[in-house]
Amino acid sequence: MAFGRLAPTVASGTQFSVGPLYKRSSSIKAGPLASNWRCFTAKSHYDETVVYKYASQKLKPVSIGQLLKYRRLPLSKDNILDSIAYTQEELPVRLAKRVISFHKQPFIVGTNPHIARVYSQYYEAFDRLHAFAPIKDLDAEWEFTQALERQTQLLIDVIPTIAQGFLECKQYMQREERTAFINDLIRSRIGLRVIGEQHVALSYQFREEQKKLEQHSQNTTTPSDTQIAGAPATKDASWVGTIHTKLLPARMMEQCGQMVQSMCEMHYGTAPGYYVDGDVDETISYIPSHFEYITCELLKNAFRATVDFSNKVNRSAHPPIQITITKGDGYVGVRIRDQGGGISKENMRNVFEYSWSSMQTDGADEPSSTSMAGMSMQSNMALQQGIGGPIAGLGFGLPMARLYASYFGGSLDIVPMEGYGCDVFLKLRSIEGSVEERQI
């Protein structure tokens, strides 16, 4: 579906006369929106009045401290209803603003099927969630939570889809405009997921606790793995929704290293070793899925570069990748050191640009077919798989990793030594304490 001005809701069975497909919007005042051409289709039965009504409302940012206010178990009914009240009020506003942001793009960009698909997904998520009446009881809360969980899953492949769309449309937008739009989209997506997934996790956590209390009151031994189907792993006092307040970066790096090493072996038939050293017992308060996404992207680059460079210089064995954990004041540092040949000065200027990838052939706009040659469908999908979907070769891995790192006040820097390798420095602020006043 191409975007543009949304058509009013039309009754079922309405006959449409044949007419021009494209039409200039007449109800939008002169300005950026008025300069764009709109596309009407018989499928565009959207009530734009409702979308603009929500999009015109101001955001009500939530602080990290507010997300952590339920850190003391057990959760109560009032806690859950308080959480759903904010979630139900805020998410439709944020979704509506994303829908409207697509209207500002050039018409030809909107006709791209990948971008049109993302636009439709955001509208459908808005349409589904804003339709709920104000929630006053746990039954209604659970219905909303299940709908929210489904919509979150439907939006999971937004980034690889939008990446492909902008790769195909890059010639129709200035780089600065494209970067600004994608940055806003990704930041908004992170906020939407943090707020939505935090409530979903709290809701499951509450029901898990209630189930255990009920079993205890019936003098029934509660198995350690008892939980509602589909819920996150059994919670303890270290979990507050999706936030783990005692996350071990060293353990996470071991797990991510094993996964990426398997991907590398599946693709190349070989992979370098790795080891974790430094402050391996240090903990941090963070969202594990964010930590996993960032570090997996960095490790994929390190493993692939190491193997490629070994092939290039005919090394008989791959040097191991060193992962060092350091403790700071309110943060944890992670250094990933590889001997993968480094990055040239020319390429270094582009590594954080969207739609640029070292997997592209020289002068090509598409991922290199040579680099993918011989890969099975399974290994291709696995190598490209990041948290949120396949993105390798589309040039979104490093820019997104840096955005995720900076979202909670962290940073990501690369120091290359051309002809030798790279040191990647990741700094992550602990959510609990150091950035509790930061708003999302």
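Keep in mind it's a predicted model, so treat the numbers as computed, not measured.

Asker: Which residues make up the sheet that holds strand 12 (residues 421-429), and what values do they have?
Answerer: With mixed pairing, five strands are arranged side by side in an open sheet as 5-7-8-12-11. Sheet topology places strand 5 (274-278) and strand 11 (411-417) at the edges, where each strand pairs with a single neighbour. With strand direction ignored, the average angle separating the axes of adjacent strands in the sheet is 15°. Pairing of strand 11 with strand 12 involves seven bridges; the strand directions are antiparallel. Paired with Met417 across the bridge in strand 12 is Gly421. Relative to the sheet, helix 9 (residues 249-268) contacts strand 5, strand 7 (321-327) and strand 8 (331-338), its axis offset from that of strand 5 by approximately 170°. This element, helix 14 (residues 397-407), spans strand 11 and strand 12 of the sheet and lies at about 135° to strand 11.

Asker: Lay out the side chain of Arg193 in plain terms, naming residues and giving numbers.
Answerer: Residue position: Arg193 is located in helix 8 (residues 175-217). Each residue touching Arg193, except ones within four places of it in the same chain, is listed here: Thr152, Ile156 and Gln198.

Asker: Help me get a handle on the sheet that holds strand 3 (residues 239-240), residues and values and all.
Answerer: Sheet strands pair by backbone hydrogen bonding; their relative direction is either parallel or antiparallel. An order of 3-4-6 is seen for the three strands of this open sheet, with the pairing classed as antiparallel. Two strands close off the open sheet at either side, each with one partner strand: strand 3 and strand 6 (284-286). As paired strands, strand 4 (residues 243-247) and strand 6 are joined by two bridges and run antiparallel to one another. Residue Leu247 lies in a different strand from strand 6, and its bridge partner there is Ile284.

Asker: Provide a residue-level description of the pairing of strand 7, including the pertinent values.
Answerer: Strand 7 sits mainly inside the fold: five of its seven residues count as buried. Sheet analysis places strand 5 next to strand 7, joined by five bridges and oriented parallel. Looking across to strand 7, one finds that Tyr275 is bridged to Gln322. As paired strands, strand 7 and strand 8 are joined by six bridges and run antiparallel to one another. Among the inter-strand pairings, Ile325 is bridged to a residue of strand 8, identified as Val334. In this antiparallel pair of consecutive strands, strand 7 and strand 8, the connection spans three residues, and Gly330 shows a positive phi of 85°.

Asker: Go over the side chain of Arg335 with me, naming the residues and quoting the values.
Answerer: Tracing the backbone shows Arg335 in strand 8. For Arg335, the side chain forms a polar contact with the side chain of Gln322, separated by 3.4 Å.

Asker: Tell me about the pattern of salt bridges, and name the residues and values.
Answerer: Within the structure shown, the criterion is met by eleven salt bridges. In this structure, Glu197 and Arg193 form a salt bridge, with 2.5 Å as the shortest nitrogen-oxygen distance. One end of the pair, Glu197, and the other, Arg193, are both in helix 8, four residues apart, so they sit about a helical turn from each other. According to the relative accessible area criterion, Glu197 is partly exposed, its value standing at 22%.

Asker: Can you explain the pairing of strand 8? Please cite residues and give values.
Answerer: Judged by how many residues are buried, strand 8 sits mostly within the fold: six of eight residues are covered. Sheet topology note: the strand 8/strand 12 ladder contains eight bridges and is antiparallel. The residue bridging Gly333 from the neighbouring strand is Lys427, located in strand 12.

Asker: Tell me about the state of the cysteines, and please be specific about residues and values.
Answerer: By the definition in use, this model includes zero disulfides. Of all cysteine sulfurs in the structure, the one in Cys256 sits closest to Cys296, which takes part in no disulfide; the separation is 3.7 Å.

Asker: Pulling in residues and values, what's your account of the packing of helix 6 (residues 138-154) against helix 8?
Answerer: Orientation of helix 6 relative to helix 8, taken along the N-to-C sense of each, is 130°, at an axis distance of 10 Å. Considering the angle they form, helix 6 stands oblique to helix 8. Relative to helix 8, the crossing made by helix 6 is left-handed. Here Leu138, Glu141, Trp142, Thr145, Leu148, Glu149 and Thr152 of helix 6 come into contact with helix 8, specifically with Arg193, Gly196, Glu197, His199, Val200, Ser203, Tyr204, Phe206 and Arg207. Its residues assigned to classes, the contact of helix 6 with helix 8 comprises six nonpolar, five polar and five charged.

Asker: Give me the lowdown on the packing of aromatic side chains, citing residues and values where you can.
Answerer: The relative placement of two aromatic rings is captured by the distance of their centres and the angle of their planes. Applying the stated criterion to the full structure yields 13 aromatic pairs. Judged by centre distance (5.3 Å) and plane angle (75°), the rings of Tyr54 and Phe126 are edge-to-face. Taken together, the positions of Tyr54 in helix 1 (residues 48-55) and Phe126 in helix 5 (residues 113-130) put the pair 72 residues apart, joining distant regions of the chain. There is no split in this pair, since Tyr54 and Phe126 are both buried. A ring pair is formed by Tyr407 and Phe408, whose centres lie 5.2 Å apart and whose planes are at 85°; its orientation type is edge-to-face. No difference in accessibility class separates Tyr407 from Phe408, as the two residues are buried. The structure contains a cluster of three or more aromatic residues connected by ring pairs, namely Phe102, Tyr119, Tyr122, Phe166 and Phe181. A cation sits over an aromatic face here: Arg402 above Phe352, 3.9 Å from the ring centre. Between Lys427 and the ring centre of Tyr331, over which it is positioned, the NZ or CZ distance is 4.4 Å.

About the criteria used
- Residues numbered from 1 in each chain as written.
- Predicted model: local features only at pLDDT ≥ 70, side-chain atom pairs only at ≥ 80, totals over all residues.
- Heavy atoms only, no water.
- Pairing = 2+ DSSP bridges.
- Helix = DSSP H or I, 4+ residues; strand = E, 2+ residues; numbered from the N terminus.
- Axes fitted to C-alpha atoms, helices over the stretch in contact; angles between N-to-C directions.
- Contact = heavy atoms within 4.5 Å.
- Buried < 20%, exposed > 50% of the residue type's maximum accessible area, 1.4 Å probe, protein only.
- Polar contact = N/O pair within 3.5 Å; in protein donor to acceptor, adjacent residues only side chain to side chain.
- Salt bridge = Lys/Arg side-chain N within 4 Å of Asp/Glu carboxyl O.
- Disulfide = S-S within 2.5 Å.
- Parallel < 35°, antiparallel > 145°, perpendicular 65-115°, else oblique.
- Left-handed = near helix turned anticlockwise from the far one by under 90°.
- Nonpolar A, V, L, I, M, F, W, Y, C, P; charged D, E, K, R; others polar.
- Phe/Tyr/Trp six-rings, centres within 6.5 Å; stacked < 30°, edge-to-face > 60°.
- Lys NZ or Arg CZ within 6 Å of the ring centre and 35° of its normal.

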